[in-house]
Structures are given as structure tokens and as C-alpha cells.
Amino acid sequence: MKKYILSILFITCAWFSSHAQEKKNILFIAIDDLKPTIGAYGDDYAITPNMDKLADQGTVFLNNHCQQAVCGPSRASLLTGLRPDLVQVWDLKTKIRNKRPDVVTLPQYFKESGYLTYGVGKIYDPRSVDAELDAPSWSEYTYPKDLKYAEGYAEPAFSYYQDPYNVKRVRELRKEAMEKGIEKKKINKWVQKQFKPAFEKADVPDDAYIDGAITNQGVEYIKELAQQDQPFFLAVGYKRPHLPFAAPTKYWDLYNEDEVPLAKFQHKVKGGYDKAYHTSSELRGYKTEGLEIGEEDGLAVVSEKGQRQLIHGYYAATSYVDKLIGQLIDQLHESGLEKNTIIILWGDHGWHLGDHRLWNKHSNFEQAAKSPMIIVDPTQKTVKQVSSVTEFVDIYPTLADMAGLPVPTHLSGKSLQPVLDGSKDRVKDYAVTQIARGPVNGYSLKSGHIRYTVWYNNNPRFKNSLDGCKRVAEELYDYEKDPLETVNHANEKEYKATLEAMRALFLDFFNNEREYKDFEVGKVETPAGNWEAEANKRIEKYRKGDVTLTVLDKKGNEINGEIFIEQVNHQFRWGGIIDSRLLGGANKEKYQNEFANMFEHAGFENALKIKHKKLYDKYEKAIIPFLKENNISLRGHALVWEKTKNMPKDLQELAAKEDTASLMKGLESYVDYGLENYDVTEWDLLNEPRECHEVQDMTKQNSWAHWFHYGGKVRKNDNVRLFLNENKVISSPYKTAQKNIQFHLDVINGILAEGAPIEALGFQSRMKQHIAPQDIYDRLETFAQFNLPMLGTEFEIVDSGYQKFTDKDRAEMTKEVMTIYFSHPKVEGLYVWTPFGNVKKAFYDLELNPRPEAKVWKEQLQKWTTTLSANAEAGKVNFRGFKGQYKISYTHKGKTYSRLIDVKDAKNNIKVKLTELNN
């Protein structure tokens, strides 16, 4: 039998060790200023074998668009999943969290959902985030100053240049600036006004440039992440082919400059709108020897030779980045991660290469708005090409959906999963790109092969409606008939119906898709049927008792008169977890008083955990007398927690050496210590086995069963019950619930099959998503089959990647959880994990101001407490009340007599003789 059980155990452990890998990893590749100059997009001139190979393995989105063709706004929109008018980042200086401090970004959402989020290179535009490149987003980030370059090479000059001539020229100009007395912080700007080449060809290794160094770090991250138990979100951001077009010589040599394709249409649109254009000021800001850039009619003038040099440089830089991407993908395969990793590759917007005599981005034309996106999901058969419109706001919901996470409902985009799996050919009718020319704002809608751009004055982007804004221009392009955008068809009769249809789409967008909403995964609606009525029936049945009370005076005579009946304690344990530093610290009296007002039972938050018992030693003299004085019971938490980082250092060292014999003895001695030295009613003997199983992995035995065997054997007091305490089971978000519940059922069955004495089940009740009340009850019922007492051990409501909770949510959920737990006959209590704290999940802030949870907790306890006055006839009183302890009082001739009684059962026949109580 034991051999069979151990076989089951090995299967379980093997399942768990691969459990993290069941969650798909994400490799998130961002490329700065990359337009669809990729072979997979039909560019026969581009040499991009690695991106083409990715496209062959996944899906190419042929009609994909950015939300604003400017680096900062485009990335801010993509990474928040919100359109520019919602995130309110339209420029290169506004910080995302200055406008939306509580926004949950794409990597942050994955981080809060249990992912390791690593980043290197340009993901956010650094001007849009904090110095840590958005600290809430990352588990780890490698900053530019920490990148390592090829041996013998320093960081490139201005992070761009490695050609010896260019490096020397920069140094000379810096020296000149210092000699001129130019302020230190202004030297770089002064130098770049004199010398800032728009391209560079240098005979250097790939990792002499910043993108090569970024790749090296990305490769190291993949190696590291392959060793982790958690799934990962790895973001690698490339700087090229953004200006300057700097790449090693070998990539320039892939192309013949005389053959590079020049833009076919280098004029303004017939019937166009002047504000649709710009002067290509970004390119004009570069100072390149031999390259003169003029201006005519508000457009840039570049000689044919200059155009060829620039376009050659763009393609060379693109091929350079392509080669580096190949190194990333190769490492993914070498690390064995390719079968479980979603890859997404995107360029943050398009780029003008001389078309319309425009360079750079900053427009609503097709060449700036259209952006490449390739997605590879190795676990599903994907559609190879998608021609329907998509946009970058779709990335956030798509990756969440593909990774099996709840898709947030507040986002501007839609999941593309239906077009990836072929169940739909499109998920939306149009994509929106926008740009501002001062107070004149242009919104451009791409729908099928039509682009409609409308321009309004008076800054409508700041407003909720178009009131006070005048439509000053319209553009309409038909890419089937006119792929180069040579003619504006907005005023042509042939396109009148199309124009009206596009106007309607724009008004639908502007009026209905620009309302900012807080992060929301979506509250689970309570299903039809009155769950509360059913719960109250159970409460009436299981939590109340009928009492026949016979009251006698001191002499044993039956009392006639009014008897006051007051419930002073509950049979159901309404408990709270003690923060030792608050209830044992300098302001202990105020916290102790409020704790006693709220809770009848207690547990320690940290002091009883294996590496924190010194806290208990420090505070027990202040806390234990308080508990005893208020008749508050104490439970112990986490004797054994099979997670190395939660062990004392000496045991961590044994674990590192895999000295399993000594490790087991060390843990046993801690069990001995806890069972002998702590005055508690029960112990969470084993904590979180689903996630914490390192000892079991090392020993290759059912260590979980061992702890119950051992604890049952060495405890001196058999009344101290031994709990199995687990997280993310009853409170598990829907996406993981079935899997977690089944795993915990297997754990319990495995321990019991070994004959180990589990005596009760504890369920951490940390709510990170709204779980419908009936579903909570059904989950409890699943574990009621073991006929063991159950306890809610760690109740709190925590903002997470699954859901952000309003005060109303918190109040409603507190009532639901309390009611469901109280209504289940096998549940014997519910403990609040964070009674006091500045964190939002705490019931009170540190000044004891109650939050919604505290208010509801008190209201419900008052509702479930029996207090009444009754007339005793011949000493008899009959009542039905909530089970617990009661104080029975009788006042006669100015003196009050009282006695405590216990109402424990469905039927209670109690005879009491009252003793005198002080007046």
C-alpha cells in the first residue's frame, strides 16, 4: 500500500514541479521605429530571416496600427491597454503615473498574477515613467548603465556611436565645450547641435552597440528564468532602427545602396490638409557631414543620395536587430522553453522613408500608423495571416487571454484570440490612430481598405464631447485604388456613402470609447436564485439552538420575573490575527482595546512562523496577559512551511547542501519547540503544501504525512489540534480554482492514506477576485467530504491582477464571505488576517478609522448575536439563540445576580442557580 501511495506522491510532485510551466511564458519583443520592412510583410528587399521564421511559426497581423505615431504615447497606450485620450500621454514629457497613478500596466498585471517580470532595453519610453522605468511593472530590470559591451569597447558615444572617427569627434567637441565654459549638464546638447550623424557603419562586433548588449542580457535572463519555478514575462526592447541608423558594417554590406527602394510618391496629397504634414524635424535635428536637409513648402528636402544613405541605414539597422532576435530565440530553444512560451514581436509605430516628403513618424498617414505585429503561440494551431484591422491596445487583453489570465474589462482593446484560433476573421471594425497639431487634433480610423482622418479645433482630446469644437478638415483614402495616398477622396461624390459611414464610426468611437474606467477584471455576478436566503436557512438550522432554561435563586427556588439574556461569546470563532508589533508595541492599549471589541479569538501573524519566533519571545509578555484577561483563545500558525526562504538561516544552509537528514531533524526540533512552548489551542502544522514542497522534493518521501505523524506523536496535549492550512483553494480565482482544488484533494488523500492524523482543514481566505457566494459554498462542500472541521484562516480582500475593489465591493464581499462561512455546518470559524494597517486590505487604518470591511463585520456580528429579556414563569424561560456563551442576569431589590451558560447544541436543557454579582 505504501509503495502505491508513494507512486501517487511522485506523480503529484512531478505535476507540481511542472505546474508553473503550465502557465505560458511571454517573450515580449519591442522594436523602436520598426515599420513593416520585413520579408513576412511582403518586403522583398528586406533581409530579415529570423523575423520571417517567427512569422512562419505564428501569425502575422497585416493590418495592425498604433494609437499614436510617437514613441512615448504609443508605448504608454500599448502598455496600459488604454487609448491616448484615456491614459492622457500625448507627448514625450508626460509621465503615465502622474496622470493615472493607479493604472495597472501589462507587465504589472502579469507580475501581480504570479509571473516573474524581467525587462531590458526600451520597453516604456523612459520619458513617460519613473527612473526605475516603472517600478511596479518589474521583478527585475537591467538599466542601460548596467549593460555589458564587447570586450575592449566602452559604452557607445551618446549610446549610439562606435566608429572611431565619430567617437573621437564627440570627444573633441566635448573638450571644446568645456573650454568654452558651457555648463556641464548642457554640454551634450551643445555637442549634438554641432555633430550628430544620422547613420553610422562601423566594423565592430554586434555587442559593441547597445542592442547587442541588450541581447546579451536578454539571453542571460532566459537562462536564469529557465531555472525558476514561476512563469515569466520577459520584455526585451531594441533601440534600432530608430535614428541614428547605427549598425555593424556586415549588415550594411547586405544591401547595395544604389538599389535601395526610394519612396514612389514624394508629394503632398491632392486635395489634402496641410496640418496633416510636418517638417521632419526629428531627422533635421541630426547633423551629418555631407548630408544636407532643406525645407520647401513645409516639407523636408533630401537629395537622392541622402535618401539612399538614410534608407540604406534603416534597412541595415533592421537586419542587425533581426540577427539579434535570432539569438534570443535560439536561447529560448536551448533552454527548452520554446514549447511553452508565447512570443510577441512589435514595432511601436510605422516610419516615413521619404513618402509624401516625410521622414520619421508623427503623422496619421498609413506609413506612420501601420505597425508590424507577429504573435507565436506554440501550443495552438494559429492562422498564419490576419488581414482584418487590429491595433496595439489589443495586445494587453490578447496576452492575458492567451496566458489563461482573466481578461480585464476596462481595457480599450479586444482579445485577438478568436482570430488567432480561426474562430473569427475579425474582432473589430476599425482601428484608431491620432495626432495633434497644436489645438487641432486629428483622429484617423482605418477600416478595411479605407482610412478616414478627421481634424477638429479646440483640443477635443481633452474633452468628453465635441461641443465647442469645429470640424476643420477631412481626409479619405482608398488603399485598393490608391495605395500610395495620392488623392483625398473626402469631397468626391463617389465616396459620399463611405464618408458618411466613416463619420458615424468616428462619432461612435469618440462618444463611446473614451471614458476612463478603473482597473477591473469583472465582478462575478451572483447567479439567479437567492443565495442569501438559502444561507440564512442553514444559519438558522446549524448556528442556533433551542434553550429551555430553568433559573433558580441562591436558595434553589424558581425565579419569577424578568431575566436578561445576553450572548457574550460565539460558538463560531470570529477571530483576528495579531500583528505583534502593534498589539505589543508602544501604542498597544488602543489596538488591544479595539481588537477585543472586534474579535473573540486570535492568531499571531508572524511570531509563530518558523523564522520569526523571536518576535513572539519579544512580545508575548505584553500580548498573552491581554488575551487571557479578555478570554481570547490563541491559535498557532505555520509550524512547518516547506519553503526554504521561510526557514531560519541554519536550516537554509542545510537545504542548500541537500543534507536532508539534518534538515528533517532541524525541522522536527522546531515542531518540538512549538508544541512544547506555545500556549495555543491548535497549530497550522503544515502550511501551503501546494506551493511549498521543497522538503518533499528533496527527501523523495511523503514529508507532508511525516509532519502529522510526528506532531501527533510528540505533542504533550492531545487537545491541541493539528491543521493542514492551504491557500488559493476556497478563495482561488476562477482561472486556477479547479486545478488548485484537485491538487489539494490529492494532498489530503495522500496524507490520510499514510494514516497521518490531520484533524482539521484551514483555508486561507484571501480574496483576490470576487467569487460568487454559491461557488464559495460549493468549494467548502467539496472538502466537507473528509468530515473534518474547517476554518477560514486568513480573510482579507486584496487588490490584485484579477480585480481592483471599490469600497462597495469590499462591503458586499465581506458580508458574502461571512454569511457563507457561517452557514456551512463544518466550518467553525473565520479569522481576519489584517485588522490594522495603512494598507487598503486592513479593516482599520492605524488611527483606527474603520474601512468598509470593519463596518460590515460589526454589523453582521450584531445581527448574529442574541440578546433579549424574557419573563420567567415558575423559573422557566424558552428561547432560540445563536450558539455560544450567554450571561443570564436577574435583578432583585437593587442587586443583580448572574451566571454564564453555554448553548452548544440544537437542544439545550439548562438549569442554573444564579450567584450574586456586584451591584
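Quick look at the structure, then. (Residues numbered from 1 in each chain as written. Predicted model: local features only at pLDDT ≥ 70, side-chain atom pairs only at ≥ 80, totals over all residues. Heavy atoms only, no water.)

1. A few points about the pairing of strand β4 (residues 116-121)
And step 1. Judged by how many residues are buried, β4 sits mostly within the fold: six of six residues are covered.
And step 2. Relative to strand β7 (residues 232-238), β4 is paired through six bridges, and the arrangement is parallel. Bridge pairing links Leu-116 to Phe-232 in β7.
And step 3. As paired elements, β4 and strand β5 (residues 140-142) share three bridges and run parallel to each other. The residue bridging Tyr-118 from the neighbouring strand is Glu-140, located in β5. (Buried < 20%, exposed > 50% of the residue type's maximum accessible area, 1.4 Å probe, protein only. Helix = DSSP H or I, 4+ residues; strand = E, 2+ residues; numbered from the N terminus. Pairing = 2+ DSSP bridges.)

2. What to know about the environment of Glu-812
And step 1. Considering the arrangement of structural elements, one finds Glu-812 in helix α28 (residues 807-823).
And step 2. Owing to a relative accessible area of 28%, Glu-812 belongs among the partly exposed residues under this scheme.
And step 3. Sequence separation of Glu-812 and His-770 is 42 residues, and the distance between their C-alpha atoms is 9.8 Å.

3. Side note on the sheet that holds strand β33 (residues 876-882)
And step 1. Taking strand neighbours across the sheet as the criterion, the three strands line up as β33-β21-β36 in an open arrangement whose pairing is mixed. For this open sheet the edge positions go to β33 and β36 (907-913), each flanked by a neighbour on one side alone. On average, each strand axis in the sheet is tilted by 25 degrees relative to the strand beside it, whichever way the strands run.
And step 2. Sheet topology note: the strand β21 (residues 544-552)/β33 ladder contains seven bridges and is antiparallel. (Axes fitted to C-alpha atoms, helices over the stretch in contact; angles between N-to-C directions.)

4. Considering the packing of aromatic side chains
And step 1. For the structure on display, the rule yields 52 aromatic pairs.
And step 2. Judged by centre distance (6.1 Å) and plane angle (35 degrees), the rings of Phe-822 and Phe-882 are tilted. Within this pair, whereas Phe-822 is found in helix α28, its partner Phe-882 is found in strand β33, the two being separated by 60 residues in sequence. You'll find Phe-822 and Phe-882 in the same group, each marked buried.
And step 3. Cluster of aromatic residues (ring-pair linked, three or more members): Phe-572, Trp-574, Phe-595, Phe-599, Phe-626, Phe-795, Phe-822, Phe-843, Trp-857, Trp-864 and Phe-882. (Phe/Tyr/Trp six-rings, centres within 6.5 Å; stacked < 30°, edge-to-face > 60°.)

5. Observations regarding the side chain of His-65
And step 1. You can see His-65 is positioned in strand β3 (residues 64-65).
And step 2. A polar contact is formed between the side chain of His-65 and the side chain of Arg-451, at a distance of 3.4 Å.
And step 3. Excluding anything up to four places from it in sequence, His-65 contacts Glu-366, Ala-369, Lys-370, Ser-371, Thr-390, Glu-391, Phe-392, Ala-431, Thr-433, Lys-446 and Arg-451. (Polar contact = N/O pair within 3.5 Å; in protein donor to acceptor, adjacent residues only side chain to side chain. Contact = heavy atoms within 4.5 Å.)

6. Some words on unusual backbone geometry
And step 1. Across the junction of Arg-240 and Pro-241, the peptide omega takes the value 15 degrees, indicating a cis bond.
And step 2. Of note, the amide linkage connecting Leu-243 to Pro-244 takes the cis form, showing an omega dihedral of -10 degrees.
And step 3. Considering the arrangement of structural elements, one finds Pro-244 in the loop between β7 and β8 (245-248).
And step 4. The phi dihedral of Ala-638 is positive, around 70 degrees, even though this residue is not glycine.
And step 5. Structurally, the position occupied by Ala-638 is in the loop between β25 (633-635) and α22 (649-657).
And step 6. Non-glycine residue Asn-787 carries a positive phi angle of around 55 degrees.
And step 7. Structurally, Asn-787 can be placed in the loop between α27 (773-784) and β30 (790-797).

7. Here's the deal with the side chain of Asp-478
And step 1. If you trace the backbone, Asp-478 turns up in strand β20 (residues 471-478).
And step 2. Lys-481 provides the closest opposite charge to the buried, salt-bridge-free Asp-478, at an N-O distance of 4.9 Å.
And step 3. The residues contacting Asp-478, other than those within four sequence positions of it, are His-449, Ile-450, Pro-483, His-489 and Tyr-495. (Lys, Arg positive; Asp, Glu negative; His and termini not counted. Salt bridge = Lys/Arg side-chain N within 4 Å of Asp/Glu carboxyl O.)

Worth remembering: the numbers are spatial, not functional.
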